[in-house]
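The chain contents come next:
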Amino acid sequence: MQVWSFLLFLLALMLLAATTEAGKNKKEKVKKDVSKCEDWRWGPCVPNSKDCGLGYREGTCKDESKKLKCKIPCNWKKKFGADCKYKFESWGGCSAQTGVKTRSGILKKALYNAQCEEIVYVTKPCSSKIKSKTKAKKGKGKD
């Protein structure tokens, strides 16, 4: 009976040692990705195909280089890029001469050391339709 108890104790001890070793391996993998370099320079997000979607951003620091996954939204067609975040004011009135509305945006944040303009201006065509706020009720009033 003592032999079985001793064997169970050894088995439990081996399982405990194996799980402890597995935990150490996970911690070591995380430490391998950490770099001592602090002055990283990141390039723009380059999509894998076409002009939007998943891609990679390359970074360099001294003699090290890294690639990070990134994403450019497919509805993002602005000339100032996805790494420059702006706070925009409301759309201005429609210009009768040009037929466009204009608004400006002030730089709020530049991601990954992106080179961004402090103020940007965007335009869009004036709407020729007048939106009505009343909606017809469906299904009622039929005779």
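Since we're looking at a predicted model, the values are computed, not measured.

Asks: Just to check I follow, could you spell out unusual backbone geometry for this structure?
Replies: The bulk of non-glycine residues show a negative phi, and the bulk of peptide bonds are trans. In the Ramachandran plot, Lys62 falls in the positive-phi region, its phi being about 55° despite a non-glycine side chain. As for its placement among the helices and strands, Lys62 is situated in the loop between β3 (53-61) and β4 (64-72). Classification of Lys62 as exposed rests on a relative accessible area of 81%. Of note in the backbone geometry, Tyr112 takes a positive phi value of approximately 55° without being a glycine. Within the fold, Tyr112 resides in the loop between β6 (100-110) and β7 (119-125). Note on Tyr112: relative accessible area 36%, which makes it partly exposed.

Asks: How should the nonpolar core be read in this particular structure?
Replies: Phe80, Cys84, Tyr86, Cys116, Val120 and Val122 together form the largest nonpolar core, which totals six residues. Listing elements by their share of this core, those giving two or more residues are β5 (84-88) and β7. Leaving out residues up to four positions away in the same chain, Cys116 has contacts with Asp83, Cys84, Tyr86, Leu107 and Ala110.

Asks: For this particular structure, what's the right way to read a nonpolar patch on the surface?
Replies: Together, Ile106, Ile119 and Tyr121 make up an exposed nonpolar region whose accessible area comes to about 330 Å². Residue placement: Tyr121 occurs in strand β7. You can call Tyr121 exposed: its relative accessible area is 53%.

Asks: For this particular structure, what's the right way to read a positive patch on the surface?
Replies: There is a patch of like positive charges on the surface, built from Lys85, Lys87, Lys108 and Lys109. Of all the secondary-structure elements, those providing two or more residues to the positive patch are β5 and β6. With respect to the element layout, Lys109 can be found in strand β6.

Asks: In this structure, what is going on with the packing of aromatic side chains? I would like to understand it.
Replies: Each aromatic ring pair is summarised here by two numbers: the centre-to-centre distance and the angle between the ring planes. Per the counting criterion, the structure on display carries three aromatic pairs. Ring centres of Trp40 and Trp42 lie 5.5 Å apart, and the angle between their planes is 20°; on these two criteria the pair is classed as stacked. The two residues Trp40 and Trp42 agree in class, both being buried. The rings of Trp40, Trp42 and Tyr112 are connected pair by pair, giving a single aromatic cluster. Across the ring face of Tyr112, the terminal group of Arg57 is positioned such that the distance to the ring centre comes to 4.0 Å. Above the plane of the ring of Tyr56 lies Lys67, whose end atom (NZ or CZ) is 5.8 Å from the centre.

What counts, and at which threshold
Residues numbered from 1 in each chain as written. Predicted model: local features only at pLDDT ≥ 70, side-chain atom pairs only at ≥ 80, totals over all residues. Heavy atoms only, no water. Helix = DSSP H or I, 4+ residues; strand = E, 2+ residues; numbered from the N terminus. Buried < 20%, exposed > 50% of the residue type's maximum accessible area, 1.4 Å probe, protein only. Core = buried A, V, L, I, M, F, W, Y, C linked by side-chain atoms within 4.5 Å. Contact = heavy atoms within 4.5 Å. Patch = residues over 30% accessible without salt bridge, like charges linked within 9 Å, V, L, I, M, F, W, Y side chains within 5 Å. Areas by Shrake-Rupley, 256 points an atom, 1.4 Å probe, with all protein chains shown as cover. Salt bridge = Lys/Arg side-chain N within 4 Å of Asp/Glu carboxyl O. Lys, Arg positive; Asp, Glu negative; His and termini not counted. Charge placed at Lys NZ, Arg CZ, Asp CG, Glu CD. Phe/Tyr/Trp six-rings, centres within 6.5 Å; stacked < 30°, edge-to-face > 60°. Lys NZ or Arg CZ within 6 Å of the ring centre and 35° of its normal.

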